[in-house]
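The primary structure of each chain is shown beneath.
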Amino acid sequence: MTAAFPCVLPASLARYLGESGRDDYGNDVEAWAPWSPIRVFGWEPAKSTEPVLVGHERIVIAVKLYARKEDRIGEHDRLILEGRVYDVVGEPEDPNNNPWFQPGLVTVNLRRVEG
């Protein structure tokens, strides 16, 4: 299925490969494929929150991205938007499963944490 909307905004995608072994402390080490360019329809303005925890200065930034279904973005993948790296949260939301309208796009929930 080809997207019914023009996807012209640049982004980069790194697909999650899973665990690639263990580090010196016995912890699992995750791996991602090299970055590859993709084009997306767009994304919503970022929404940020600051958890109220004593001693923490963390900001969580969430973004909803609209990408082509055919790009097959999956959970744990990573994307670069405007120079910032985001993690994919969960599976993309797919509105194409109905008889009336198939936009060819999926909603991808992204998150990055600063601090």
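Just above sits the structure.
Residues numbered from 1 in each chain as written. Predicted model: local features only at pLDDT ≥ 70, side-chain atom pairs only at ≥ 80, totals over all residues. Heavy atoms only, no water.

Undergrad: Can you help me understand the pairing of strand 7 (residues 78–81) in this one?
TA: Every regular strand shows the same layout, with side chains that alternate between the two sheet faces. A one-sided burial pattern is seen for strand 7, the buried positions being Leu79 and Leu81 and the unburied ones Arg78 and Ile80. Pairing of strand 1 (residues 9–14) with strand 7, which is carried by 3 bridges, proceeds in the antiparallel orientation. The partner of Ala14 across the bridge, within strand 7, is Arg78. Taken together, the 4 bridges between strand 7 and strand 8 (residues 84–88) define a ladder with antiparallel strand orientation. Among the inter-strand pairings, Ile80 is bridged to a residue of strand 8, identified as Val85. In sequence, strand 7 turns back onto strand 8 through a hairpin of 2 residues, with Glu82 there showing a positive phi of about 50 degrees. (Buried < 20%, exposed > 50% of the residue type's maximum accessible area, 1.4 Å probe, protein only. Helix = DSSP H or I, 4+ residues; strand = E, 2+ residues; numbered from the N terminus. Pairing = 2+ DSSP bridges.)

Undergrad: Any chance you could explain the packing of aromatic side chains here in plain terms?
TA: Geometry of an aromatic ring pair is reported as the spacing of the ring centres plus the angle between the planes. In this structure the tally under the stated criterion is 3 aromatic pairs. Seen from their ring centres, Phe5 and Phe41 are 5.3 Å apart, and the 55 degrees between their planes marks the pair as tilted. Of the two residues, Phe5 is situated in the segment before strand 1 and Phe41 in strand 4 (residues 36–43); the sequence distance between them amounts to 36 residues. You can call Phe5 partly exposed: its relative accessible area is 32%. With a centroid separation of 6.4 Å and an interplanar angle of 80 degrees, the aromatic rings of Phe5 and Phe101 are classed as edge-to-face. (Phe/Tyr/Trp six-rings, centres within 6.5 Å; stacked < 30°, edge-to-face > 60°.)

Undergrad: Where do I start with the nonpolar core in this structure?
TA: For soluble globular proteins, the rule of thumb is that nonpolar side chains tend to be buried together. Ranked by size, the top nonpolar core spans 16 residues in total, and within it Ile38, Leu65, Ile73, Leu79, Leu81, Val108 and Leu110 carry the most contacts. Only strand 1, strand 4, strand 6 (59–68), strand 7, strand 8 and strand 9 (105–114) provide two or more residues apiece to this core. Among the elements that take part in this core, strand 6 stands out by supplying 4 residues, more than any other. Aside from chain neighbours lying at most four places away, what touches Val108 is Val63, Lys64, Leu65, Ala67, Ile73, Val88 and Pro92. (Core = buried A, V, L, I, M, F, W, Y, C linked by side-chain atoms within 4.5 Å. Contact = heavy atoms within 4.5 Å.)

Undergrad: Mind showing me how you'd approach the side chain of Thr107 here?
TA: Along the chain, Thr107 falls in strand 9. Those residues in contact with Thr107 that sit more than four places away from it in its chain are Lys64, Leu65, Tyr66, Pro92 and Glu93.

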